[in-house]
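A closer look at the structure
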Amino acid sequence: MLLVEGLPLFYLELALGQRMQLGFLKIWTGIRPWFRGIGIGQLIVSFQMTAYFPMVMCWCMYYFYLSFQSPLPWTECASNDTCCPEDSSKHFWYVSTLQATSDIGDNGGFVTPISICWVIGWCFTYLCLFKGIKSSGKAAYFTATFPYVVLICLFFRGVTLEGAWLGIKVLFTPDFARLLDPIVWMDAAGQIFYSLSVGFGALICFGSYNPVKNNCTRDALVICLINCGTSVFAGVVVYSVLGFREATLGTPVVDVEGGPGLAFIAYTTAVAQMPLPQLWAAMFFFMMVLLAVDSEFGTIEACIGPLQDYPLFRKVRKEVLCLIVCVMLCLLGLPCARAPASTSSLSGTPSPSPSPSSSSE
């Protein structure tokens, strides 16, 4: 997927922005007037994704805050009875954090901690972006590089854990029969699109800031290889911890659920079994916050950049335009902070009435 889809599209968008020095709406219109729809589609997708994607950052911010508590709140059972560590993590995620309702027809209300993290996250995002590429570039020096420091620390902690090889073996053992499953190819394509940010227009906007004679071929190759290499390295970090979870709790690595459950259920369960769990949990979720913020920079730039090419917005100061876009996206995405409607089959855990301890959260 990297060679067939990722690298060609990455190079195309970077080269277009660098050569024409414009936003993607103007570029596609300039190539052919009927290509204008491509730019409009990219702008719509960027707005849609930026309206909901920061919710991942909010969840990580909330768990980062909770990581300083002793004991970790997701290690405590919902009742006084003993329970499996994974059950307590799952219960905390669905009942205490998301406050998922037991009836799929009940949407629930706003979750206060998540709503607060949502507003804080958007305020932080605006402070990093209000000066345009000058402020976001300086912020990126930290948000893009510090996660590597955390990742290296987590790597050495993970590979030295008991049973780490069990997870690493699963990661690097191919199952060629899965290649016949179209869902696998769809997930691989989606991973490339999200990890390289192709198709959203952000690369065109950032490419337009490069000098016209910059070697964008070299940039595309280096960035794509580093990006995918980092994904593999991060996989080793995560699966080594999952192997430790299998060695200590007996939960097979292959049974881990994907999506948010990987970070907020499986990984938190394993971290809770380590020495100094607060330290490793705080490092992990701080890294996740930085990665989410860094991704958000690009998509918001894709929303703001094209607007500045038009006379209506050209006279508006960048700080004001950025504020308008951030406030609008914050309000559009705020309903994501409501408690989701769920059932026991969706949450993977029974849906009893929240216990007093979970209600207090």
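Residues numbered from 1 in each chain as written. Predicted model: local features only at pLDDT ≥ 70, side-chain atom pairs only at ≥ 80, totals over all residues. Heavy atoms only, no water.

**Observations concerning the packing of aromatic side chains**
What counts, and what does not: Between 30 and 60 degrees the pair is tilted, below 30 it is stacked and above 60 it is edge-to-face, where a pair is any two Phe, Tyr or Trp rings, Trp via its six-membered ring, whose centres lie within 6.5 Å. Partly exposed describes any residue whose relative accessible area lies between the buried limit of under 20% and the exposed limit of over 50%, with all areas from a 1.4 Å probe on protein chains only and scaled to the type maximum. A ring is scored as having a charge over it whenever the NZ atom of a lysine or the CZ atom of an arginine sits within 6 Å of its centre and within 35 degrees of its normal.
Within the structure shown, the criterion is met by 24 aromatic pairs. Ring centres of tyrosine 62 and tyrosine 63 lie 6.4 Å apart, and the angle between their planes is 85°; this geometry places the pair in the edge-to-face category. Each member of the pair tyrosine 62 and tyrosine 63 is classed as buried. An aromatic cluster of at least three residues, connected via ring pairs, comprises Trp59, Tyr62, Tyr63, Trp74, Phe92, Trp93, Tyr94, Phe264, Tyr267, Phe284 and Phe285. When the ring centre of phenylalanine 110 is taken as origin, the NZ or CZ atom of arginine 338, which lies over that ring, is 5.2 Å away.

**Re helix α14 (residues 277-304)**
Note the threshold: The way it works is that DSSP assigns letters per residue, a run of H or I at least four long becomes a helix, a run of E at least two long becomes a strand, and they are numbered from the N terminus. The span expected for a helix works out to 1.5 Å for each residue beyond the first.
With 28 residues, α14 ought to run about 40 Å at 1.5 Å a step, and its terminal C-alpha atoms sit 41 Å apart, in line with that. For α14, a buried count of 21 out of 28 residues is recorded, marking the element as mostly surrounded by other parts of the structure.

**What about a nonpolar patch on the surface?**
This is how it is decided: Two joining distances apply to patches: 9 Å for like charges and 5 Å for nonpolar side chains (Val, Leu, Ile, Met, Phe, Trp, Tyr), and every residue must have over 30% relative accessible area and no salt bridge. Values of accessible area rely on a 1.4 Å probe in the Shrake-Rupley scheme; residue burial ignores everything except the protein chains shown. Every case where a carboxyl oxygen of Asp or Glu lies within 4 Å of a side-chain nitrogen of Lys or Arg is listed as a salt bridge.
Together, Met1, Phe176, Leu179 and Trp185 make up a nonpolar patch on the protein surface, roughly 430 Å² of accessible area in all. With respect to the secondary-structure elements, leucine 179 resides in the loop between α9 (164-172) and α10 (182-196). The exposure class of leucine 179 is partly exposed, given its relative accessible area of 44%.

**What about the pattern of salt bridges?**
Here the structure, examined in full by the defined rule, presents two salt bridges. Residue aspartate 219 pairs with arginine 218 through a salt bridge whose shortest N-O separation is 3.4 Å. Note on arginine 218: relative accessible area 46%, which makes it partly exposed. One salt bridge connects arginine 317 with glutamate 319, and the closest N-O pair in it is separated by 3.6 Å.

Interpretation in functional terms is not warranted from these geometric data alone.
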